[in-house]
Amino acid sequence: MCGIVAVIGSREAAPLLLEGLRQLEYRGYDSAGLATVEATPAGPGQLTCLRAEGKLVNLQQRYEQYPAAGHCGIGHTRWATHGKPEERNAHPHLDGTGQLAVVQNGIIENHRSLREQLQASGVVFLSDTDTEVIPHLISQCLARLRSSGRAASGSLLLEAVQQVLPELHGAYALAVVWGETPGALVVARRQAPLLIGLGEGEFLCASDTPALAGFTRTILPMEDGEVALLTPLGIELHDALGNRVQRTPSLLTGTEHVADKRSFRHFMHKEIHEQPETAALWVARHLPPPSDAPGSPSLVALPLPAKVFEGVEQIQILACGTSRHASLVGAYLLEQLAGIPTSVFHASEFRYAPPPLAPHTLTIGVTQSGETADTLAALVMEEERRGLIADPAYAARLLGITNRAESSLGRLVPHLLDIGAGIEVGVAATKTFLGQLLTFYGLALAFAERRSSRSPAQLQDLVSGLRALPAQLKELVEEHDRRCAELAHLFADTQDVIFLGRGINYPIALEGALKLKEISYIHAEGYPAGEMKHGPIALLDSRVPVVSIAMPGRVFEKVLSNAQEAKARDAQLIGVAPEGPDTALFDVLLPVPAVDELLSPLLTVIPMQLLSYHIAAHRGLDVDQPRNLAKSVTVE
Ligand code: F6R
């Protein structure tokens, strides 16, 4: 939530900042801003700040009118938390002299008391944001340090930031520039991501790798509590206690960090089309080739030590949004396939009402970004409360599932499954949802094999089904892309849609409804089909389409009866189901091949994604950057 970028080196900063912000715009697009510091021949430099409400393009236009010069600068793209999305609340925020600028991603929880304290000392605030307290605090600290005769320097700026940080409560990543020091900038992070990219004689710091990938492949992820002084000559890194830290940078590999729309109109559309490849990569990485040799490898190859699987009596999964929907499918598999009692929690609820502790529990945090504040905090809380118990049966066993191994989640948990879907830019998660599902199939199969909870032949059948998936997905994506594009106009005036599913496809109904809501702003509800008659059926009439997922298996007949009940109330019925006489009741059919019921969510989700995409695109909406949303939710 919010993206920050900072650069220092031998080139003009503003174009680099704008390009970095372009790559981070998925993190928020309520406003954008930048500040640069230009060195002047005599004495201190000159700080220029440009800000614009709305998308980055507005800032770009402003920059074309009023260029901001200098080789050092900071930038920000905002998702509004404190203060409306207006220009006066856009970052950077300045101190009273207008010569010190700060960008921040996070929330300063004690900003009110800090603001009162600063106001009492005569500071005038120009915005409603929590961030504005920071430049004023640093500025006052600099004034104190300088009153003892110290000259302006990067080290002085670093010292002032270090003195102010303990006063800030909450999670943040921030960057600071000062007009007095055109050759220095300071960055810091606590519980919000920040990475430094090392170029040749220049450094770029950003909230996420896409902003760095076009600049350098050599990166230094900052650890929690660290503060760094960047100059064209190097990085001075300090831990939270002020000690100097030396760390070897790492390399970004592959192209997964580069965001490119190719020939698609929207990232979301491209990412939906990438799913056959996501599945093919997953199969190649995790399903060893079939072998009859004795002692042949196990069904699934997961990069996890045996101890993760040993003695697990129950599993709890913590996640938000789409990741939670994938987790619900995961829980179904872990219970029905591997026989392990599994609960899924909204991470934001778990934090404040966790269930009583049970022994031998595996806790799985699922977050595609690896940065969702609630999921991370829930995991930390679980680790802490288990740490208070002496009995080793209650020890925390944490596993993470993410698309961003280099994220905060990756550093928080001892074991990680990287879904490897490649960077996802569209705010609506699609290919990462599929990647999360596949990861759960792998995990459930691995548990089931170890526990012999299903016969080897049954498990092998599922593995064969997974191997067939990439080809099935390819056909399905192409077919439904066409069909859903043709259908979209039917929803031009629709205000409500109901999605129904049962069993393992109930979470897909939830996901279908979420996709539609978030990108087309149509009200939608996902419901377990059998629950309709307990209330929601009252909503149905000819203006409320019902999308019903009916896949052969345990609940096929039941879902068809539930669909009949909706039809009897004049609802327009859209079926996600195999073609055949049983499914002739649907007014519109989005056909899906009749696969093993356990594998069906991997296919039924495709028409859900494409239907939402085409409805939103038909309505002319901003599919990749829907209103009020951001790709990674780094605030509570
Ligand atoms: C929906 C969507 C969100 C995220 C949620 C959690 O398309 O993308 O609901 O799933 O904000 O995000 P992660 O998975 O990054 O924790």
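The structure under discussion appears in the preceding block.
Figured I'd write up the structure that's included with this text. All of these numbers come straight from a predicted model, not from anything done at the bench.

### Structural notes on the sheet that holds strand 16 (residues 342-346)
Ordered in space as 16-15-17-18-19, the five strands form an open sheet in which the pairing is parallel. Both edges of this open sheet fall to strand 16 and strand 19 (415-418), since each of them pairs with a single strand only. Shown here is a sheet whose adjacent strand axes are inclined to one another by a mean of 20 degrees, direction ignored. Bridging between strand 15 (residues 314-319) and strand 16 involves five bridges; their strand directions are parallel. Along strand 16, the bridge assignment pairs Leu-318 with Phe-345.

### Some points on the sheet that holds strand 8 (residues 185-190)
Ordered by their spatial adjacency, six strands build an open sheet running 5-6-7-8-12-13, and the pairing between neighbours is antiparallel. Each of the sheet's edge strands pairs with one partner strand only, and the pair in question is strand 5 (93-94) and strand 13 (234-238). Pairing between strand 7 (residues 170-178) and strand 8: five bridges, direction antiparallel. Within strand 8, the position partnered with Ala-175 by the bridge is Val-187. Seen against the sheet, helix 4 (residues 133-147) touches strand 5, strand 6 (100-108) and strand 7 and runs at an angle of roughly 130 degrees to strand 6. Most of the contacts of helix 5 (residues 154-164) go to strand 12 (residues 227-231), to which it runs at about 160 degrees, and overall it touches strand 6, strand 7, strand 8, strand 12 and strand 13.

### Considerations on the nonpolar core
Formed by 91 residues in total, the largest nonpolar core has its most connected members in Ile-364 and Phe-447. Sort the elements by how many residues they give to this core and helix 13 (residues 431-451) lands first, with twelve residues.

### Some remarks on the state of the cysteines
Inspection of every chain in the model, using the stated rule, returns zero disulfides. Of all cysteine sulfurs, the one in Cys-72 lies closest to Cys-205, which takes part in no disulfide; the gap is 12 Å. For Cys-205, a relative accessible area of 1% translates into the label buried. Its sulfur unpaired, Cys-320 is 17 Å from the next cysteine sulfur, which belongs to Cys-2. The exposure class assigned to Cys-320 is partly exposed, which follows from its relative accessible area of 25%.

### Brief notes about the pattern of salt bridges
Throughout the structure, instances matching the rule amount to 24 salt bridges. Across the pair Arg-189 and Asp-224 runs a salt bridge, and its minimum N-O distance is 3.2 Å. With a gap of 35 residues between them, Arg-189 in strand 8 and Asp-224 in the loop between strand 11 (218-221) and strand 12 connect regions that are remote in the sequence. Classification of Asp-224 by relative accessible area gives partly exposed; the value is 42%. Ionic contacts of the salt-bridge type, sharing partners, join the residues Glu-86, Arg-88 and Asp-128 into one network.

Rules used in this analysis
Residues numbered from 1 in each chain as written. Predicted model: local features only at pLDDT ≥ 70, side-chain atom pairs only at ≥ 80, totals over all residues. Heavy atoms only, no water. Pairing = 2+ DSSP bridges. Helix = DSSP H or I, 4+ residues; strand = E, 2+ residues; numbered from the N terminus. Axes fitted to C-alpha atoms, helices over the stretch in contact; angles between N-to-C directions. Contact = heavy atoms within 4.5 Å. Core = buried A, V, L, I, M, F, W, Y, C linked by side-chain atoms within 4.5 Å. Buried < 20%, exposed > 50% of the residue type's maximum accessible area, 1.4 Å probe, protein only. Disulfide = S-S within 2.5 Å. Salt bridge = Lys/Arg side-chain N within 4 Å of Asp/Glu carboxyl O.

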